[in-house]
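# Structural description and commentary
This is what each chain is made of:
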There are 2 protein chains.
Amino acid sequence: MKVIGIIAEYNPFHNGHLHQILQVKQNNPEAMLVVAMSGNLLQRGEPAIFDKWVRTEVALKNGVDVVLEIPVEGSLQSADKFAEAGIRTLMDFGVDELYFGAEHSEYDFLDYAQKIRNLDTSKFKEYDSSFAKQIQNAVSEKIGHDLTNPNDLLGLSYAKAVLKFKAKIKLVPIQRINAEYHDAFLPDKGEIASATAIRHALFQSDEPIAKYVPQNVTYDNLQKVSWEDLWPYLRYKLITTDLNELKKISGVVEGIENRLVKYANELPKETTFETWLQKVKSKRFTYTRLTRIASSILIDLKKTEVQAYEKVPFYRLLGFTSKGRKVLNTAKKQLNYTMYTKISQDDKDGKYAVNYRTGKVYSLVTGVQQDLKRAPLMIK
Amino acid sequence: MKVIGIIAEYNPFHNGHLHQILQVKQNNPEAMLVVAMSGNLLQRGEPAIFDKWVRTEVALKNGVDVVLEIPVEGSLQSADKFAEAGIRTLMDFGVDELYFGAEHSEYDFLDYAQKIRNLDTSKFKEYDSSFAKQIQNAVSEKIGHDLTNPNDLLGLSYAKAVLKFKAKIKLVPIQRINAEYHDAFLPDKGEIASATAIRHALFQSDEPIAKYVPQNVTYDNLQKVSWEDLWPYLRYKLITTDLNELKKISGVVEGIENRLVKYANELPKETTFETWLQKVKSKRFTYTRLTRIASSILIDLKKTEVQAYEKVPFYRLLGFTSKGRKVLNTAKKQLNYTMYTKISQDDKDGKYAVNYRTGKVYSLVTGVQQDLKRAPLMIK
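Residues numbered from 1 in each chain as written. Chains lettered and ligands numbered in written order. Predicted model: local features only at pLDDT ≥ 70, side-chain atom pairs only at ≥ 80, totals over all residues. Heavy atoms only, no water.

## Some remarks on the packing of aromatic side chains
A full pass over the atoms with the stated rule returns 37 aromatic pairs over all chains. Note on Phe273 of chain B and Trp276 of chain B: the rings are 5.7 Å apart at their centroids and 40° apart in plane angle, and the pair reads as tilted. Placement of both Phe273 of chain B and Trp276 of chain B in helix H12 (residues 273-280) is noted, with a separation of three residues, approximately one turn of the helix. Counting every residue linked through ring pairs, the aromatic cluster contains Phe100, Tyr107, Phe109, Tyr112 and Tyr158 of chain A. When the ring centre of Tyr263 of chain B is taken as reference, the NZ or CZ atom of Lys262 of chain B above it lies at 5.5 Å. (Phe/Tyr/Trp six-rings, centres within 6.5 Å; stacked < 30°, edge-to-face > 60°. Helix = DSSP H or I, 4+ residues; strand = E, 2+ residues; numbered from the N terminus. Lys NZ or Arg CZ within 6 Å of the ring centre and 35° of its normal.)

What follows is the structure, given as structure tokens:
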């Protein structure tokens, strides 16, 4: 049994994702497709536009056989840590090959990862906005050319994670087509738009998006979630929490908590999340880094919880097809760590606690219970 | 210099309050009038309809000479503790006589307080809904008649506090007129309505209330605050806070935190504060007791903070008239504890911290800064 893996966020699932899956299927008609997917808070530090169950169902209806959650301890991290959480999950479920989009599918990412394996990053002044640039320069030097496109960089993170965990996973970059990662608007022609453009259409422009998503999918009448929905809670949390408590939150370093609280206090009542963030932003703290910190504060994700997850991870099964059951049966025999299917009253205070909190906060907006007693989705 | 004291909430200030002040002035034309007033969260566990500055200004314009804040450590407590906070403040500012409304102004409250001084309440099962009833029965036995009206009971609490602190304050009950304490509707005739009826008119019925408030007062165009405005924050706090942390909050005992969180979790997204509270209510936890707990959780008022205040209180000056300055000048020489006028960056993390948090939470609704750098109001 060949098992293909994908690391995804599906925010939301669209024709570009379907295209990728069809390519996998074309190359591997018999293979199983396992996806490690972020839950309700994503790697760029924002809430998913639709909850993890909606996104799981759409994936299962469009060729994915098993969906596993990347816990927030892994999703609300830099690309390297996010990749590690994804790879670690996929390897334990027997994935043989990882498919991922890349701007340069001809690159040998594993080779690059090996070349920069001993790159000493300690000489770089950490966290500076030029930090990424300096790393990139050093990487370029080692591998002989620039590596700057976002999906290429993510590919490198996957390769580094594969090396780190000695995962027996072959990397299969596939050429990205059409939509650019961050295109803000729907394209003039074609049926593939970026997730960013689709979200923009759903939230702001009201342009129809049916053309850009699989025919068996509709996002009409679903509650959408954005940072603006969660911002009142974050603001309340910031103004009522002791600074010493904030310091315990994942990503909170170098006194950034002072700036976060200062502007939560000082800006007018009507201030939006975006305005607050622009005020807080500085050379040392980029937009995405801050949104990840904001997400972590919102759900009270502590540094100790991230460390505990990295030491002893766990899995959460979100859904599977009847075909995918075989992957699960095989994996079950070899799993090193706990796999959660349902979350019980006991589990919610256990290792899954911060993910449970995340679901509760998310459901303040949607009203849809996220974890307690929810069984994995099963699609024929 | 004769100094008269009143303990009040002015939620909001109306003709009944004015009537009381005019009576004081009639009996004591030369006296100073000092009011100890709850801040933005009141003794019945609810937010003040208007912030403490609005209420201070109205009081100063209608005969009050000095307004001092009863900190939340004192205001969010049972009648006895609330009375203690008020009396302790007033005695330190040289108050000679306490005026208060009573359903039976002929009662000798100090005598009653002396008679029940050694009442052993330990035999009563604490917190049971019949607890108050049992205490009342025992009190009736000691003093020879029933004492059940709300203002009479509060009068008894004042008297007990006077005894406890050996305060040299004479109690002057004045007969309550017209409006009953909890009348929900504006009266058919007259110019005195209950605060409850006025709030009801302001929030719900849109009936004009100008007739029931002093002529120099308008409540038009002011941001009103109710529990429904604060409920989203409380709900977020309940679902994201560890149960062991909730146990540290003032008033949280006997596992009530479990019920609070359970219903915050389980009830539908649209659930109002009132609906949640009705669900949580039980024989052992009355409505008002629960709203005080809810308020305490909202602002993270810890048991240790209440204890610290009771051990070492402090004063916060909210406003004064030019005449009232004399009271302050005299008091300053004899104050045992810190008097805050402005709240500085340092003070906000000090003894005043939980009151500062209260102001920040309240201003999430109003947008009006409550404490930092706000000087006491001065009225000519």
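## A look at the interface of chain A and chain B
If you look at the interface, chain A gives 22 residues, while chain B gives 22 residues. For the pair chain A and chain B, the summed buried surface comes to about 1,900 Å²; carbon and sulfur atoms form 60% of the total. Of all residues in chain A, the largest losses of buried area upon contact with chain B belong to Tyr236, Lys269 and Leu364 of chain A, amounting jointly to 33% of the total for that side. Taken together, chain A and chain B are joined by zero salt bridges. At the boundary of chain A with chain B, the tally comes to six residue pairs in polar contact (both at pLDDT 80 or more). At the level of elements, helix H9 (227-240), helix H13 (287-298) and helix H16 (353-366) of chain A are the ones that each hand at least two residues to the side of chain A that touches chain B. With eight residues, H16 of chain A is the single largest residue contributor to the side of chain A that touches chain B. Residue composition of the side of chain A that touches chain B, by class: ten nonpolar, six polar and six charged. (Contact = heavy atoms within 4.5 Å. Buried area = accessible area lost by both parts, 1.4 Å probe. Salt bridge = Lys/Arg side-chain N within 4 Å of Asp/Glu carboxyl O. Polar contact = N/O pair within 3.5 Å; in protein donor to acceptor, adjacent residues only side chain to side chain. Nonpolar A, V, L, I, M, F, W, Y, C, P; charged D, E, K, R; others polar.)

## What about the nonpolar core?
Ranked by size, the top nonpolar core spans 68 residues in total, and within it Leu234 and Trp276 of chain A together with Leu234 and Trp276 of chain B carry the most contacts. Setting aside anything within four residues of it in sequence, one finds Leu234 of chain A in contact with Trp227, Phe273, Trp276, Ala294, Ile297 and Leu298 of chain A. (Core = buried A, V, L, I, M, F, W, Y, C linked by side-chain atoms within 4.5 Å. Buried < 20%, exposed > 50% of the residue type's maximum accessible area, 1.4 Å probe, protein only.)

## Let's talk about the pattern of salt bridges
In a structure, side chains of opposite charge can pair up when their charged atoms sit close to one another. Under the defined criterion, the tally for this structure stands at 38 salt bridges over all chains. Here Arg199 of chain B and Glu46 of chain B are joined by a salt bridge, their closest N and O atoms 3.8 Å apart. Of this pair, Arg199 of chain B sits in helix H8 (residues 195-205) while Glu46 of chain B sits in the loop between strand S2 (32-38) and helix H2 (52-60), and the two are 153 residues apart along the sequence. Note that Asp349 of chain B and Lys348 of chain B form a salt bridge whose closest N and O atoms lie 4.0 Å from each other. Residue Lys348 of chain B is classed as buried on the basis of its relative accessible area, which comes to 15%. Connected via shared salt-bridge partners are Lys52, Glu69, Arg316 and Asp371 of chain A.

## What to know about the relation of the copies chain A and chain B
For these two chain copies, the linking operation is a rotation about an axis paired with a shift along it. The two copies are related by a screw operation: chain A maps onto chain B through 180° of rotation and 0.0 Å of translation along the axis, at an RMSD of 0.0 Å. The transformation just described matches what one would write down for a two-fold rotation axis. Within chain A, the C-alpha atom positioned nearest to the axis of rotation is that of Tyr233 of chain A, 3.1 Å from it. When the interface residues of chain A are mapped onto chain B, 100% of them are again interface residues, pointing to one common binding face. (Least-squares fit on C-alpha atoms with pLDDT ≥ 70 in both.)

## Considerations on the environment of Leu41 of chain B
Residue and element names in this part refer to chain B. For Leu41, the position within the fold is in the loop between S2 and H2. The spatial distance from the C-alpha of Leu41 to the C-alpha of Ile299 is 9.7 Å, given a sequence separation of 258 residues. With near-sequence residues (within four places) excluded, Leu41 lies in contact with Glu46, Pro47, Val72, Ser75, Leu76, Ser295, Ile299 and Thr358.

## Notes on the pairing of strand S1 (residues 3-8) of chain B
Residue and element names in this part refer to chain B. Across the six residues that make up S1, a large majority, six, are buried. Going residue by residue along S1, you find Val3, Gly5 and Ile7 tucked away on one face and Ile4, Ile6 and Ala8 tucked away on the opposite face as well. Each parallel crossover has a hand, and for S1 linked through helix H1 (residues 15-27) to S2 it is right-handed. Sheet analysis places S1 next to strand S4 (residues 97-102), joined by two bridges and oriented parallel. By the bridge assignment, Ile4 is partnered in S4 with Glu97. (Right-handed = clockwise from strand over helix to strand, strands pointing away. Pairing = 2+ DSSP bridges.)

## Points about the domain arrangement of chain A
All names here are of chain A. Looking at the assigned domains, one finds that chain A contains domain 1 (3-199 + 306-379) and domain 2 (227-302). Inter-centroid distance (C-alpha atoms) of domain 1 to domain 2 is 25 Å. Across the contact, 23 residues belong to domain 1 and 20 residues belong to domain 2. Applying the counting rule to domain 1 against domain 2 returns zero salt bridges. One can count seven residue pairs in polar contact (both at pLDDT 80 or more) joining domain 1 with domain 2. Broken down by secondary-structure element, the contributors of at least two residues to the side of domain 1 that touches domain 2 are helix H3 (72-75) and H16. A total of six residues in the side of domain 1 that touches domain 2 trace back to one element, the largest contributor, which is H16. Here the residues of the side of domain 1 that touches domain 2 sort into ten nonpolar, six polar and seven charged. (Domains from an automatic or database assignment.)

## A look at the side chain of Asn265 of chain A
Along the chain, the position of Asn265 of chain A falls in helix H11 (residues 256-266). By relative accessible area, which is 16% here, Asn265 of chain A ends up buried. Beyond its immediate chain neighbours, meaning those up to four positions away, Asn265 of chain A contacts Ile239 of chain A together with Tyr356 and Lys360 of chain B.

## Description of the packing of H9 of chain A against H13 of chain A
Residues and elements named next belong to chain A. In contact at an axis separation of 9 Å, H9 and H13 are set at 65° when each is read in the N-to-C sense. Classified by the angle their axes make, H9 and H13 are roughly perpendicular. Remark: the crossing between H9 and H13 carries left-handed chirality. On H13, the residues touching Trp227, Leu230, Tyr233, Leu234, Lys237 and Leu238 of H9 are Thr291, Ala294, Ser295, Ile297 and Leu298. Tallied by class, residues from the contact of H9 with H13 come to eight nonpolar, two polar and one charged. (Axes fitted to C-alpha atoms, helices over the stretch in contact; angles between N-to-C directions. Parallel < 35°, antiparallel > 145°, perpendicular 65-115°, else oblique. Left-handed = near helix turned anticlockwise from the far one by under 90°.)

## Thoughts on the pairing of strand S1 (residues 3-8) of chain A
Pairing analysis gives six bridges linking S1 of chain A to strand S2 (residues 32-38) of chain A, with the strands arranged parallel. Residue pairing in the sheet places Gly5 of chain A in a bridge with Val34 of chain A of S2 of chain A.

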